[in-house]
Amino acid sequence: MKIAVVGTGYVGLVTGTCFAETGNTVTCVDIDKEKVKKLQNGTITIYEPGLEQLFERNIKQERLSFTTDLAEGIKDAKIIFLALPTPPGEDGSADLKYILKVADDLGPLLSDYTVIVDKSTVPVGTADKVHAKIAAHAKVDFDVVSNPEFLREGVAVEDFMKPDRVVIGTTSPRARKIMETLYAPYVRQGNPIIFMDERSAELTKYAANAFLATKITFMNEIANVCELVGADVDAVRKGVGTDSRIGKRFLFPGIGYGGSCFPKDVQALAKSAQDAQYDFRILRSVMDVNEDQKTRLIARVKEHFKGHLKGKSIAFWGLSFKPHTDDIREAPALYNIEALLQEGVTVRAHDPEAIENVRRIMGDKIQYFETPYDAAEGADAIFISTEWPEFRTPDFEKLNTILKGKVIFDGRNLYDLDLMKDQGYAYFSIGREVINGK
Ligand SMILES: NC(=O)c1ccc[n+]([C@@H]2O[C@H](COP(=O)([O-])OP(=O)(O)OC[C@H]3O[C@@H](n4cnc5c(N)ncnc54)[C@H](O)[C@@H]3O)[C@@H](O)[C@H]2O)c1
C-alpha cells in the first residue's frame, strides 16, 4: 500500500518506518527542512532503540522516503497519517492549528478516495473538524479515521510492531477494511484491533494517558506519606502491586511524570471536560500533586546543605524524561536544574543521549560531561533524575574517590538502602528512610 505520514517526529518517523517494514511504500512529510534534509541523507533524527536499523534497511530497499512537499508526499497515497504536534494552548486545551492547517492544505490535493488518519492525540470532535476542513475543498470521496498512537518512547519500535491493541475509530465500512488490511501484520499474535466510533477512539487515548498519570501520582502520594509515617514505599509497592486488580506496573514512585504526552494530555482532558461543563476533580489534583512532586527533592537538598547551596557543585545524572530516549520535553530534570541554578549551584550534567537537546535550550548555564564519573569529579553530591540502566550499578569504589561529598539525592530510588549505609553515603530517595551517612 502507498502511505503518507505527515509530521516526521517521534511518532511520525516510527510510524512511517514500521509501516515500511511490512512492505508498504511510505513517504514521510515534514515542514522542517533541516530535518528532512538529514533524513534524505540517511541520518536518523531521533534516538529510539532499534529504529536506526529499520530506517536504514527500508530506505535502501526504497520503501521509505522523505520530502517537505505535501503534494509530492501524498501523491497516490491510499492512506494519509497525520502525526502532527498537538501542544497545549494557553488555556491547556490541545492546540489544533498544525492539524487543521494540514487538513486545509490536503483538500484540494486529493485526487482519489483516501483515508485520512488522525494519529496525533486530539480532543473529541477533531475528526469532525478535520473532515469539515478537507470537505471544503475536496472533489473526491474520503474518510477521516481516528487511530490514536500508544507507543512509548524508548520502546517505540517494539510497541508499534507488537501493540497491545490497535484502536481505530471509524463509522465507515470502506475505511475500516483498509485499516484492517494495513494493521493485519501487526496483530498476528491475537492482539486485538478494537473498532469504535471516532469520538470514542479520541477519548480512549486521553483516558489511557490520564489513568496512567493518575496511577503514578497516586503512588507518589503514597511515597510522600511513607516518608512522614516511617513506612517503606518499596515494601508497600510490592504489597499492593501483587494484587492482580492493581498490577505491578506504573507503581514506581519518583520525581513526577514528564514527557511530551502525560502533562499535556492530562491538562487537555481536564479542559475538554470543563468545556463540556464537567469538573474532572481527580485530574486537577493529579496536576497539582505532580507539579509539587517534580521538585520535591530540592527541599532535601536545601535541608542537607542547611540552605548554603551557593558555590556547591552537583553532578546531575539523567536529563531525558525517561530512559532510552533523547526526549527532554517536560523532563523533571529541567525543573530541578533550574531550581539548583537559582540557588547558585554549579550543575555538572550527564545523560547518555539527551545532552545535545539540553545544550540547545540551556547552553552554557550548566556543564556537560560524557560519563557519569566525569560529572561526579569533585562534586558535593549526585542528583539522579532519570533511571538510565547504567546508573543502577555504578562503581562505588571509583565514585568514593572522585566525589567531594558522599551524598546522593535519588529521584528514582535506584539503590538499596543497605548498600548506601555500607558505602557510607548520605542518601535521600522517595518514600524511603533517609540514610544520614558517616
Ligand atoms: N511522542 C510520543 O511518545 C507520543 C506517543 C503517542 C502519541 N503522541 C502524539 O503524537 C503527536 C505527535 O507527537 P510527536 O512526539 O511525534 O511530535 P514531534 O514534535 O516529535 O513531531 C511533530 C512533527 O510535525 C512536524 N510538523 C509541524 N507542522 C507540520 C506541517 N504543517 N506539515 C508537516 N509536518 C509538520 C514538525 O516539524 C515535527 O517534526 C502528538 O499529538 C502527540 O501527543 C506522541
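Residues numbered from 1 in each chain as written. Predicted model: local features only at pLDDT ≥ 70, side-chain atom pairs only at ≥ 80, totals over all residues. Heavy atoms only, no water.

- The chain goes by UDP-glucose 6-dehydrogenase in an unreviewed UniProt entry, where it is assigned to Dawidia cretensis.
- In its Sequence similarities (unreviewed entry) section, the UniProt record describing the chain reads: "Belongs to the UDP-glucose/GDP-mannose dehydrogenase family."
- For the chain, the Catalytic activity (unreviewed entry) comment in UniProt is given as "UDP-alpha-D-glucose + 2 NAD(+) + H2O = UDP-alpha-D-glucuronate + 2 NADH + 3 H(+)". (UniProt positions renumbered as here; feature names shortened; annotations may be inferred.)

### Observations concerning the overall build of the chain
- Within the chain one finds 18 helices and 15 strands.
- For the chain, the C-alpha radius of gyration of 24 Å lies close to 22 Å, the compact-globule estimate for 438 residues.
- Taken along the three principal axes of its C-alpha coordinates, the chain extends 75 × 50 × 40 Å.
- Contacts in the chain between residues far apart in sequence, at least 24 positions, make up 71% of those at least 6 positions apart.
- Per element, the accessible surface of the chain, about 20200 Å² overall, is 50% carbon and sulfur.
- Distance between charge centres in the chain, computed from 56 positive and 64 negative side chains, equals 1 Å. (Helix = DSSP H or I, 4+ residues; strand = E, 2+ residues; numbered from the N terminus. Rg over C-alpha atoms; globule rule 2.2 N^0.38 Å. Contact = heavy atoms within 4.5 Å. Areas by Shrake-Rupley, 256 points an atom, 1.4 Å probe, with all protein chains shown as cover. Lys, Arg positive; Asp, Glu negative; His and termini not counted. Charge placed at Lys NZ, Arg CZ, Asp CG, Glu CD.)

### Side note on the site of the ligand
- The environment of the ligand is formed by 27 residues, the closest being D30, K35, T86, E153 and K264.
- Here D30 contributes a side-chain N or O atom positioned 2.6 Å from an oxygen atom of the ligand.
- Between the ligand and K264 there is a distance of 2.5 Å, counted from an oxygen atom to a side-chain nitrogen or oxygen.
- Protein contact buries 89% of the 840 Å² of open area that the ligand shows by itself. (Near = heavy atom within 4 Å. Polar contact = N/O pair within 3.5 Å; in protein donor to acceptor, adjacent residues only side chain to side chain.)

### Points about the UniProt feature "active site" (unreviewed entry) in the chain
- With numbering matched to this structure, UniProt assigns "active site" (unreviewed entry) to C261.
- Inspection of the secondary structure assignment puts C261 in the loop between α10 (233–241) and α11 (262–275).
- When its relative accessible area of 30% is taken as the criterion, C261 is described as partly exposed. (Buried < 20%, exposed > 50% of the residue type's maximum accessible area, 1.4 Å probe, protein only.)

### Here's the deal with unusual backbone geometry
- Unusually for a residue other than glycine, E62 sits at a positive phi of about 60 degrees.
- One can find E62 in the loop between α3 (51–60) and β3 (64–67).
- Looking at E62, the relative accessible area reads 70%, which means it is exposed.
- Despite not being glycine, F250 shows a phi value in the positive range, around 65 degrees.
- Position of F250 relative to the elements: it lies in the loop between α10 and α11.

### Brief notes about the domain arrangement of the chain
- Split by domain assignment, the chain resolves into domain 1 (2–196), domain 2 (205–293) and domain 3 (295–428).
- On a C-alpha basis, the centroid separation for the pair domain 1 and domain 3 is 37 Å.
- Of all residues in domain 1, Y10, Y47 and E153 give up the largest surface area on contact with domain 3, accounting jointly for 81% of the area buried on that side.
- Remark: the boundary between domain 1 and domain 3 carries one salt bridge. (Domains from an automatic or database assignment. Buried area = accessible area lost by both parts, 1.4 Å probe. Salt bridge = Lys/Arg side-chain N within 4 Å of Asp/Glu carboxyl O.)

### Observations regarding the UniProt feature "binding site: substrate" (unreviewed entry) in the chain
- Using the residue numbers shown here, the UniProt feature "binding site: substrate" (unreviewed entry) corresponds to F150, L151, R152, E153, K205, F250, L251, F252, P253, G254, G258 and K322. Annotated residues spanning 173 residues; largest pairwise C-alpha distance 23.8 Å, indicating distribution over more than one region.
- Summarising the element assignment, R152 is placed in the loop between β6 (142–146) and α7 (156–161).
- Within the structure, K322 has its side chain in polar contact with the backbone oxygen of E153 (distance 2.8 Å).

### Some words on the layout of surface pockets
- In this structure, the second largest pocket encloses a volume near 200 Å³.
- Taken together, 13 residues form the lining of the second largest pocket, with D76, A77, S111, D112 and T114 sitting closest to its centre.
- Residue classes in the lining of the second largest pocket are distributed as seven nonpolar, two polar and four charged. (1 Å grid on protein atoms, 1.4 Å probe; cavity = no way out; pocket = protein on both sides within 12 Å on 5 of 7 lines; lining within 4 Å. Points joined across faces, edges and corners; volume = space filled by probe spheres on them. Nonpolar A, V, L, I, M, F, W, Y, C, P; charged D, E, K, R; others polar.)

### Details of the nonpolar core
- Counting 41 residues, the largest nonpolar core has F19, F81, V115 and Y183 as the members making the most contacts within it.
- The leading source of residues in this core is helix α1 (residues 10–21), at six residues.
- What V115 contacts, discounting residues up to four positions off in sequence, is K78, I79, I80, D143, V145, A175, I178 and M179.
- If you look at the next biggest cluster of nonpolar residues, it comprises 38 residues, including I314, F321, A333 and V358. (Core = buried A, V, L, I, M, F, W, Y, C linked by side-chain atoms within 4.5 Å.)

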